[in-house]
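# Geometric and topological summary
One-letter residues, chain by chain:
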Amino acid sequence: MTHTAFVLSTIRPHRKRIAVALVAMCMVTMVGIVPPLVIAFVIDKVIGQGRYDLLAPLMLIMFALPVLGGMARSVSDYMVTLIGQRLALDVRLSLYNAVHKLSCRYMHNTTTGALMERLRGDVQQVQNLMTQQVLNLAVQLVCAMFAVGIIFVLSWKLALVI
């Protein structure tokens, strides 16, 4: 089995949790992007055009954003931790099954400490890769696309320069 096939087969049972974690991480990122847009709207429309009736809803949005961000951060952290632990369990089980299939000669020639350290290190690396690196890469890509979309909406000429 190739490395990619192993990774995909390990991730497949957890794809719903991964989707929830990605959505929560994207929400955290988007909550950080929205306040400057709200402030720009307040300056342009409320103060600039005298539309003070919009001030109360916009302030409620500004107060709600940290609450939404905190909830999304909590869900994201929980799901990433859960995914990491479940993936580590799956990898450990597959590695232990592979160890049981090893020959007696290999077991006799290899010390127990070396074998256990190798298993622990492999599981730790896979867990770190799956939970931190891949999810963060996906979130950063979505955030970049969202930011470019906002730039195009605000000023397509500026977006072409960037």
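Model, not experiment: these values are computed from the prediction.

Quick notes on the rules
- Along every chain, residues carry numbers that run from 1 in the direction the sequence is written.
- Totals for whole chains, interfaces and linings use every residue, but because this is a predicted model, local features are given only for residues with pLDDT of at least 70 and side-chain atom pairs only at 80 or more, for both listing and counting.
- The side-chain quantities take in all heavy atoms of the structure and omit both hydrogens and water.
- A run of H or I in DSSP counts as a helix once it spans at least four residues, and a run of E counts as a strand once it spans at least two, with each numbered from the N terminus.
- The buried label goes to any residue with under 20% of its type's maximum accessible area, the exposed label to any with over 50%, and the partly exposed label to all in between, with areas taken from a 1.4 Å probe on protein chains only.
- Salt-bridge detection follows one rule: a side-chain nitrogen of Lys or Arg within 4 Å of a carboxyl oxygen of Asp or Glu.
- In plain words, nonpolar cores are sets of buried Ala, Val, Leu, Ile, Met, Phe, Trp, Tyr and Cys residues tied together by side-chain atoms within 4.5 Å.
- The criterion used for residue contact is that any of the two residues' heavy atoms lie within 4.5 Å.
- A residue counts toward a patch only above 30% relative accessible area and without a salt bridge, and it is joined to like-charged neighbours within 9 Å or, for Val, Leu, Ile, Met, Phe, Trp and Tyr, to nonpolar neighbours within 5 Å.
- Where accessible areas are quoted, they stem from the Shrake-Rupley method and a 1.4 Å probe; at the residue level, only the protein chains shown are allowed to cover.
- What a helix should span is 1.5 Å times the count of its residues minus one.
- In this scheme, the bend at a residue equals the angle between the axes fitted to the seven residues that finish there and the seven that begin there.
- We place a 1 Å grid over just the protein atoms. Points where a 1.4 Å probe fits but has no way out form a cavity, open points with protein on both sides within 12 Å along at least 5 of 7 lines form a pocket, and any residue with an atom within 4 Å of a point lines it.
- Grid points are joined across faces, edges and corners, and a volume is the space filled by probe spheres set on the points.
- When residues are grouped by polarity, Ala, Val, Leu, Ile, Met, Phe, Trp, Tyr, Cys and Pro land in nonpolar, Asp, Glu, Lys and Arg in charged, and all others, Gly among them, in polar.

In this section: the overall build of the protein. Scanning the protein from terminus to terminus reveals six helices and zero strands. Along the protein, from the amino end to the carboxyl end, the secondary structure elements read α-α-α-α-α-α. Over its C-alpha atoms, taken along the principal directions, the protein stretches across nearly 85 × 35 × 25 Å. For the protein, the proportion of its 162 residues judged to be buried stands at 24%.

Per the stated rule, a full pass over the model turns up two salt bridges. The shortest N-O distance in the salt bridge between Arg-51 and Asp-53 comes to 3.8 Å. Its relative accessible area of 38% is what places Arg-51 among the partly exposed residues. Put simply, Arg-120 and Glu-117 hold a salt bridge, and the shortest N to O gap is 2.8 Å. On the criterion of helical spacing, the pair formed by Arg-120 and Glu-117 is a turn pair, its members being three residues apart in helix H5 (residues 112-154). By relative accessible area, Arg-120 is classed as partly exposed at 47%. Residue classification places Glu-117 among the partly exposed positions, given a relative accessible area of 45%.

All right, on to the nonpolar core then. Counting 10 residues, the largest nonpolar core is built from Ile-18, Ala-21, Met-25, Met-79, Val-80, Ile-83, Leu-87, Met-130, Leu-135 and Val-139. At the level of elements, helix H2 (15-49), helix H3 (55-100) and H5 are the ones that each hand at least two residues to this core. In this structure, Leu-135 is in contact with Ile-18, Leu-22, Met-25, Val-80 and Met-130, ignoring residues within four places of it in sequence.

Moving on, we get to a nonpolar patch on the surface. Together, Tyr-52, Leu-55, Met-59 and Phe-63 line one region of the surface with nonpolar side chains, adding up to about 440 Å² of accessible area. Checked against the element boundaries, Tyr-52 lands in the loop between H2 and H3. On the basis of relative accessibility, which here comes to 55%, the residue Tyr-52 falls in the exposed class.

With that settled, consider H3. The terminal C-alpha atoms of H3 lie 67 Å apart, and with 46 residues this matches the ideal 68 Å at 1.5 Å per residue to within 8%. At Ala-64, H3 shows its strongest bend, of approximately 30°, with the proline Pro-66 following within four residues.

Let us now look at the layout of surface pockets. Taken as a whole, the largest pocket spans an internal volume of roughly 350 Å³. Counting residues per element, the ones that place at least two in the lining of the largest pocket are helix H1 (3-11), H3 and H5. Of the residues forming the lining of the largest pocket, the biggest block, four residues, is contributed by H5. For the lining of the largest pocket, the class distribution of residues is seven nonpolar, four polar and one charged.

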